[in-house]
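Geometric and topological summary
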Amino acid sequence: MAFEPPQRLLRALGETRRTGSEGADEADEWLEKLPELARQAVDLRELTVERVQAPGGRSSLVLLVRQHDGTPAVLKLAPERARPESERAALAHWDGRGAVRLLDPGDSHGVLLLERLQPDLSVRSLPEAKALLEAAGTLRRLWVEPPAGHVFETVAERTGRQAEAMRAAAGDEAGAEVGALVDAALAARDELLAGPPEARLLHGTFRQSKVLAGERAPWLAVGPDPVVGECAFDLARLVRDRVEDLIASPSGPSITRRRVKRLAESLEVDQERLRGWTLFRAVESGVRAGRVGRLRDAELLLEFAGWL
């Protein structure tokens, strides 16, 4: 089986290498072994490969396949740094409720066999207002109690790592404006984590493009990087969806404020907590984009963060 990994995946792994991020060597080794890993995974499950899904994700290879009885499915291979076993545990716990169904919960390490959704039809294809409504409704279904004895990362742990990286990046290269945004984001995080933590299983990287059309349900979430914490953290990433359109609009700041209010009310999330986590996550993403050379993305995200 010959194939070329999608360019999006190669670029993302290249960013890891350039920044010297933890796991860069392991990601390089995984990429080198990927053709053989994919062949073994396909042969073991007696699958027929239709095509590589492109552009695909930034952290995994996705193959559209058919099982030995002809049933369509998706085979996903991911390196350890993408936390595929955490994704497996979350999908098994949701068991198809609001999310893609895991077809083999006991599958091989780093390999996920999933039900086939419509890979080229996401909520993002809908008009903006409808897309936000459908995405929010899907997200609500995922917010459940985590399994007993879970080993998922917490919001405090994940954002703690991110906060350290933000401080280092801001101290090394950022100007006064970016430094002020980092300070505001870190202060918001400290305040948000001051009280007793909420404990819900969250998608972790939710956005419109992570919600695909299905057959047993109109829309189902894919590609979680699960984390346990408060719902406002999960919803915050959705607030900035289509950020390029927001920045292009002269009414971008007011649209953003209305979006925060509407999403908070519709999902019964505290509006100020949603605003705070939206600020933190936008600044964190903007600083990280700048570090890896995605300067246009960094500019958009930090301008958006300034509206909050």
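Residues numbered from 1 in each chain as written. Predicted model: local features only at pLDDT ≥ 70, side-chain atom pairs only at ≥ 80, totals over all residues. Heavy atoms only, no water.

**A closer look at the packing of aromatic side chains**
- In total, this model carries three aromatic pairs according to the counting rule given.
- Taken together, a centroid distance of 5.9 Å and an interplanar angle of 90 degrees make the contact between Trp277 and Phe280 edge-to-face. Residue Trp277 and its partner Phe280 are located together in helix 10 (residues 271-291), separated by three residues, close to a single helical turn. Summarising the burial analysis for this pair, Trp277 and Phe280 share the class buried.
- Through pairs of rings, three or more aromatic residues link up here, namely Phe233, Trp277 and Phe280. (Phe/Tyr/Trp six-rings, centres within 6.5 Å; stacked < 30°, edge-to-face > 60°. Helix = DSSP H or I, 4+ residues; strand = E, 2+ residues; numbered from the N terminus. Buried < 20%, exposed > 50% of the residue type's maximum accessible area, 1.4 Å probe, protein only.)

**Observations regarding unusual backbone geometry**
- Notably, Arg83 is not glycine yet its phi reads approximately 55 degrees, a positive angle.
- As for its position among the elements, Arg83 is in the loop between strand 3 (72-77) and helix 3 (84-94).
- One non-glycine residue, Glu268, lies in the positive phi region at around 55 degrees.

**Points about the sheet that holds strand 8 (residues 219-221)**
- Pairing is antiparallel across the open sheet formed by three strands, whose spatial order is 5-7-8. Where the open sheet ends on each side, the last strands, each with one partner, are strand 5 (118-122) and strand 8. Ignoring which end each strand starts from, the neighbouring axes of this sheet average 55 degrees apart.
- Bridge analysis of strand 5 against strand 7 (residues 211-213) gives two bridges, and the strand direction is antiparallel. Within strand 7, the residue paired with Ser122 across the bridge is Leu212.
- Contacting strand 7 and strand 8, helix 4 (residues 128-142) crosses the sheet at an angle of about 55 degrees to strand 8. (Pairing = 2+ DSSP bridges. Axes fitted to C-alpha atoms, helices over the stretch in contact; angles between N-to-C directions. Contact = heavy atoms within 4.5 Å.)

Keep in mind these numbers describe shape, not what the thing actually does.
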